[in-house]
Amino acid sequence: MKNAFLIAAASSGSGKTTLALGLMRALKRRKIGVQPFKCGPDYIDTQYHRVATGCDSINLDLFMAGEGHVRNLFYSYCSASDVGIVEGAMGMFDGFDGMRGSSADIAHTLDIPVVLLVDAKSTSYSVAAAIYGFTRFDPNVKVAGVIFNRVASPNHYLYLQEACRAVNVECYGYIRKNEALKTPSRHLGLSLDSLTEIDRFVDAAADEVEVSVDVDRIIKATELHHRTLNLERHIKSGLKVAVARDEAFSFIYPANIEALKSDIVYFSPLHDDSLPDADLVYLPGGYPELYAEALESNEAMRNAIKGYAENGGKILAECGGMIYLTEEIDGKKMCGVLPLSATMENARLKLGYRKVVLEGFEICGHEFHYSDVAERGEVASCARQFNIRGVEVDTPVYRYKNVIAGYTHLYWAETDIFKLWNK
């Protein structure tokens, strides 16, 4: 790897994803290898990154993983690429505990510079004060320069450049105010139509970047001058893991799959009619509610999952994967493994980092869902969950035979997830 940088902003909604995708695709057009990353637990922006670059995007999260793991993960995945680009989360200094886990904290942990995106809508020279603060607030974080978003005109940009000069900060260009650069819906799944829409957006963002952002100066300013680390690759365990992956189930942390140390076979609950032979079946999150009719129609797969569970097969199901194991969602039949019913009625968001404790085994994750479930039989929680402040939350983890399921998306790249079945 020759270059790396993190894209941060003053707040959410500033356009980080648009800039990140535009830069990734613009570099790819130049035949420059890009390895994408995302700060935090987000599993949707990472799918956009994959469309832009053709590479899996890797989550870097200092709540769910330790500093050493995050560093090694970053440099290991970057080792075969020319440029590592990390898309930040929220505001630059917004972490799970003050600055802890923030984009700035991750940039410092990785020892890479920050490219700061500034939303210039309805302002001009006043941004000098904001830039001054963001570039000097934490001396451990190096800000290489600034890019402006939602710039109204070339004349507007002249005032913004003056603001940068006033505080002695490099300015690498801008993205125009452009209604065509509206990020696609975050609830598209991975259908061919949705991927086409995302690809169109990525191309539009790259076109905009190539017009008014000095990509060459960014590359020159973000050269790395230290040796990279090498993450030891896992030796295969000889186990087989079947992973559900299709339009309905796609919320997967690639580092988790690597850490399984297993032979991986992917299958589709939507399109396949049989379950692969496996020592573990992993049902990740996704959008089963959007594909409930198609999932119900695939009775062969539903019966295969049910039979596998009843015969003692190990299943790990998260969020949408758990919903697939319930009896039904809003009247549509699911696998019927768990005596639960799911619904999207009166949907409200539940989210937050979680620490899961199961008989002394601890693992971290992230809860994010709108659906809800109601118990329709005897099924008790087999674990306790706590938020970032150590306060217990009422989110259950269900267990039936060797099936473990819950709303929390677990991060096990630093541990052995098979220990869940030894408790």
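Refer to the preceding data block for the structure.
Residues numbered from 1 in each chain as written. Predicted model: local features only at pLDDT ≥ 70, side-chain atom pairs only at ≥ 80, totals over all residues. Heavy atoms only, no water.

**Student:** Before we go on, may I ask you to explain the sheet that holds strand 15 (residues 332-333) in this structure?
**Tutor:** Sheets are built from strands paired through backbone hydrogen bonds, the pairs being either parallel or antiparallel. The 4 strands lie next to each other as 15-14-16-19, forming an open sheet whose pairing is mixed. Since the sheet does not close on itself, it has two edges, and those belong to strand 15 and strand 19 (372-375), each with one partner. Direction of pairing for strand 14 (residues 328-329) relative to strand 16 (residues 340-343): parallel, over a ladder of 2 bridges. Looking at strand 16, one finds that Glu328 is bridged to Ser341. (Pairing = 2+ DSSP bridges. Helix = DSSP H or I, 4+ residues; strand = E, 2+ residues; numbered from the N terminus.)

**Student:** Would you take a moment to explain unusual backbone geometry for this structure?
**Tutor:** Both trends apply: most residues other than glycine have a negative phi, and most peptide bonds are in trans. We note that Asp111 has phi near 60°; this positive angle belongs to a residue other than glycine. Despite not being glycine, Asp330 has its phi angle at roughly 50°, a positive value. Of note, Asp330 is situated in the loop between strand 14 and strand 15. Note on Asp330: relative accessible area 38%, which makes it partly exposed. (Buried < 20%, exposed > 50% of the residue type's maximum accessible area, 1.4 Å probe, protein only.)

**Student:** Sorry if this is basic, but what is going on with the side chain of Thr395 here?
**Tutor:** With respect to the helices and strands, the residue Thr395 is situated in the loop between strand 21 (392-393) and strand 22 (397-400). For Thr395, the side chain forms a polar contact with the side chain of Glu367, separated by 2.8 Å. Not counting chain neighbours up to four residues away, the residues in contact with Thr395 comprise Arg354, Glu367, Gln385, Tyr407 and Thr408. (Polar contact = N/O pair within 3.5 Å; in protein donor to acceptor, adjacent residues only side chain to side chain. Contact = heavy atoms within 4.5 Å.)

**Student:** How do you make sense of the sheet that holds strand 17 (residues 350-358) when you look at a structure like this?
**Tutor:** In space, the 5 strands of this open sheet follow the order 21-20-17-18-24, with antiparallel pairing throughout. Single-partner strands in this sheet number two, and they are strand 21 and strand 24 (409-411).

**Student:** Hey, could you run me through the side chain of Asn3 in this one?
**Tutor:** Looking at the secondary structure, you find Asn3 in strand 1 (residues 3-9). A polar side-chain atom of Asn3 sits 2.5 Å from the main-chain carbonyl oxygen of Ile219.

**Student:** Would you mind showing me how to read the pairing of strand 7 (residues 171-176) here?
**Tutor:** Along strand 7, 5 of the 6 residues are buried, which leaves the element largely enclosed by surrounding structure. In the sheet, strand 6 (residues 143-151) pairs with strand 7 via 3 bridges, with the strands oriented parallel. Across the sheet, residue Val151 finds its bridge partner in strand 7, namely Arg176. Chirality of the crossover, the property in question, places the unit of strand 6, helix 6 (residues 154-166) and strand 7 among those that are right-handed. (Right-handed = clockwise from strand over helix to strand, strands pointing away.)

**Student:** Looking at this structure, how should I read the environment of Asn178?
**Tutor:** Here Asn178 is to be found in the loop between strand 7 and helix 7 (192-212). A sequence separation of 166 residues divides Asn178 from Ser12, and the C-alpha atoms of the two residues are 18 Å apart.

**Student:** It is not clear to me how the pattern of salt bridges should be interpreted in this structure. Could you clarify?
**Tutor:** Any two side chains of opposite charge can pair if their charged atoms end up close together. For the coordinates displayed, the defined rule picks out 21 salt bridges. Between Arg29 and Asp203 there is a salt bridge, with the nearest N and O atoms lying 2.9 Å from each other. Within this pair, whereas Arg29 is found in helix 1 (residues 16-29), its partner Asp203 is found in helix 7, the two being separated by 174 residues in sequence. Asp216 serves as the salt-bridge partner of Arg30, at 2.6 Å between the closest nitrogen and oxygen. Taken together, the positions of Arg30 in the loop between helix 1 and strand 2 (34-39) and Asp216 in helix 8 (residues 215-221) put the pair 186 residues apart, joining distant regions of the chain. One salt-bridge network, held together by shared partners, links Arg25, Arg29, Asp199, Asp203, Asp207 and Glu210. (Salt bridge = Lys/Arg side-chain N within 4 Å of Asp/Glu carboxyl O.)

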